[in-house]
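Structure assessment
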Amino acid sequence: MDFAKSGLGYCDVEVGTGVQPKRGELINIHYTARFPDGTVFDSSYKRGRPLTMRIGAGKILRGLQQGIGGGGGVTPMVVGGKRKLMIPPILAYGPEPAGCFSGDCNIPGNSTILYDILLVGIYKWRNRMLSGFRCARRCRGQAICTNSIIDYDMRSM
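This one's a predicted model, so the numbers in the text were calculated from it and none came from an experiment.

Side note on the pairing of strand E2 (residues 9-14)
Pairing geometry for strand E1 (residues 2-3) and E2, over 2 bridges, is antiparallel. Across the sheet, Phe3 pairs through a bridge with Gly9, a residue of E2. Following E1, the chain reverses through 5 residues before pairing antiparallel with E2; Gly7 in that reversal takes a positive phi of roughly 105 degrees. Summarising the sheet, E2 and strand E6 (residues 82-87) pair through 5 bridges and their orientation is antiparallel. Its bridge partner lying in E6, Glu14 is registered against Lys82.

Comments concerning the pattern of salt bridges
In total, this model carries 4 salt bridges according to the counting rule given. We note a salt bridge from Asp116 to Arg34, for which the minimum N-O separation is 2.5 Å. Note that Asp116 is positioned in strand E9 (residues 113-127) and Arg34 in strand E3 (residues 26-34), a separation of 82 residues in sequence. The partly exposed category is assigned to Arg34, whose relative accessible area is 22%. In this structure, Lys84 and Asp116 form a salt bridge, with 2.9 Å as the shortest nitrogen-oxygen distance. Of this pair, Lys84 sits in strand E6 while Asp116 sits in strand E9, and the two are 32 residues apart along the sequence.

Details of the layout of surface pockets
Taken as a whole, the second largest pocket encloses approximately 200 Å³ of empty space. Around the second largest pocket, the lining is made up of 13 residues, and of these Tyr31, Phe41, Asp42, Tyr93 and Ile107 lie nearest the centre. Listed by contribution, the elements that provide at least two residues to the lining of the second largest pocket are E3, strand E4 (40-43), strand E5 (51-54), strand E7 (98-101) and strand E8 (104-107). Residue classes in the lining of the second largest pocket are distributed as 10 nonpolar, 2 polar and 1 charged.

Conventions used here
- Residues numbered from 1 in each chain as written.
- Predicted model: local features only at pLDDT ≥ 70, side-chain atom pairs only at ≥ 80, totals over all residues.
- Heavy atoms only, no water.
- Pairing = 2+ DSSP bridges.
- Helix = DSSP H or I, 4+ residues; strand = E, 2+ residues; numbered from the N terminus.
- Salt bridge = Lys/Arg side-chain N within 4 Å of Asp/Glu carboxyl O.
- Buried < 20%, exposed > 50% of the residue type's maximum accessible area, 1.4 Å probe, protein only.
- 1 Å grid on protein atoms, 1.4 Å probe; cavity = no way out; pocket = protein on both sides within 12 Å on 5 of 7 lines; lining within 4 Å.
- Points joined across faces, edges and corners; volume = space filled by probe spheres on them.
- Nonpolar A, V, L, I, M, F, W, Y, C, P; charged D, E, K, R; others polar.

Printed below as a string of structure tokens:
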């Protein structure tokens, strides 16, 4: 495993053959998140679908941003790539517990988190305007559209 100056540990298991996501694009990743003792606390595989997130928008853990999007000596991932990350607390959730539901937190403060990442593809959302329908309102940050099509752009995966 290599380490960036930030403390992020990273190791390419398989370098992808697709394109590199651009800053601000939505990407789809499959991942497994665990503690250093091997305990898995989250996995997109268990849910049966990849996680969609925006790269470079400051909405994800700094360690994931650097580990996927690159920077600070870390090369960006490309579609189809698999990478292991070791994210120190300062690039993860810091001193505060996280993943709290009804008072129970499944990520203790100051936790180092290990991720296995697969960059599945670039998420492309197209809205076909049929019969004058439009994306008229938003619900929880998502556009509510009639006659919309969601697809994946695997871009040479």
